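Each chain, written out:
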Amino acid sequence: MSDTQKTAVIFGLANKRSIAWAIAQKLHAAGWRLAITYQNERLEQEAKDLIADLPGAAGFMCDVSFDEQIAKLFEELNSRYGVLHGLVHSVAFAPAEELQGDFFNTTREGFRIAHDISVYSLIAVARAAAPMMTSGGGIVTLTYYGAEKVVPRYNVMGVAKAALEASVRYLANDFGPKAIRVNAISAGPIKTLAARGISGLGDMLKSHAERAPMKRNVDPGEVGATAAFLLSEAGSGITGETIYVDCGYNIMGF
Ligand code: NAD
Ligand code: 0WE
């Protein structure tokens, strides 16, 4: 390993369809050394098999709903790498019942969980990573159009993504003086684990492709490439932004 190699930690690998995996592959191809986290024992084997394909990459378990697990992870990262240059947050969760029916039926607990896992976790990992980003760095999270326009059944996740995008701006302001940039990628719908089981996803993908200027859906590799760009020198003037990787869907009015 050369000492000019940059190191990134990626949160949210579940399987080969995960956006986190597409990002890991693009960062690896761009020469990054990677620490990749998965949520629990259930996902461990599949995650480790994938990570083994990327020379120099290491896997770590971290459930972001526990402060102690985040603290322990960053202790390990600190002793292993010392310096971090990149962080990718590709984590979201709301209880399945919250992603069906009407938004007004959102429960207090469903609201809490969605915001804890999908929003607060970004703040927590950014705070833990910042002291390790001693030569500046980049933080990227994943958001979705349902943050700004109503997407039926996205419900409390839409509200959480709005809070996530606002958090990106506040973190960008806090960390700007330390040359740590914070951005969100708003990806078009992709058939991942988190999107499967969503009723009507097939129809959504079809209508998204029809309405997007590019007449197709986004490829996870395109999201990965945008993350690699944002974390690279090429992104050095960009912070606090939400960048759309949606084949242009969001620009249409009719
Ligand atoms: P995915 O299921 O592969 O990834 C979601 C990840 O979140 C999983 O790895 C899961 O283990 C992790 N996670 C959930 N709760 C966690 C916890 N408590 N601790 C640690 N990790 C936890 O699905 P994905 O589509 O790759 O989702 C990644 C991100 O992309 C999410 O933020 C999602 O909202 C966003 N996104 C997805 C789409 C889409 O259509 N798939 C579109 C735009 C944005
Ligand atoms: O952010 C997401 C999905 C996030 C997600 C998915 C699940 C499914 C399994 C969060 N929590 C859970 N909880 C579970 O139990 N997307 C952008 C994909 C997505 O989800 C939708 C969508 C789209 C697009 C839900 C309803 C409508 C559209």
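A brief report on the enclosed structure follows. Values in this document were obtained by computation on a predicted structure and should not be read as measured data.

Conventions adopted
Residues numbered from 1 in each chain as written. Chains lettered and ligands numbered in written order. Predicted model: local features only at pLDDT ≥ 70, side-chain atom pairs only at ≥ 80, totals over all residues. Heavy atoms only, no water. Helix = DSSP H or I, 4+ residues; strand = E, 2+ residues; numbered from the N terminus. Rg over C-alpha atoms; globule rule 2.2 N^0.38 Å. Areas by Shrake-Rupley, 256 points an atom, 1.4 Å probe, with all protein chains shown as cover. Pairing = 2+ DSSP bridges. Axes fitted to C-alpha atoms, helices over the stretch in contact; angles between N-to-C directions. Contact = heavy atoms within 4.5 Å.

Time to look at the overall build of the protein. The helix and strand tally for the protein stands at 7 helices and 7 strands. Against the 2.2 N^0.38 benchmark of 18 Å for 254 residues, the protein shows a C-alpha radius of gyration of 17 Å, consistent with a compact globule. A principal-axis box enclosing the C-alpha atoms of the protein has dimensions of 50 × 40 × 40 Å. When the accessible surface of the protein is totalled, it reaches about 12400 Å², and 54% of it is carbon and sulfur.

What follows deals with the sheet that holds strand β6 (residues 180-187). The pairing of strands in a sheet happens through backbone hydrogen bonds and is either parallel or antiparallel. Spatial strand order, β3-β2-β1-β4-β5-β6-β7: 7 strands in an open sheet with parallel pairing. Single-partner strands in this sheet number two, and they are β3 (58-61) and β7 (242-245). Within the sheet, the average angular offset between the axes of one strand and its neighbour, ignoring direction, is 20 degrees. As defined by bridge partners, strand β2 (residues 33-38) adjoins β3 across 4 bridges and the pair is classed as parallel. If you follow I36 over to β3, its bridge partner there is G59. Each of β1 (7-11), β2, β3 and β4 (86-89) is contacted by helix α3 (residues 67-81), which is oriented at about 155 degrees to β3, the strand it contacts most.

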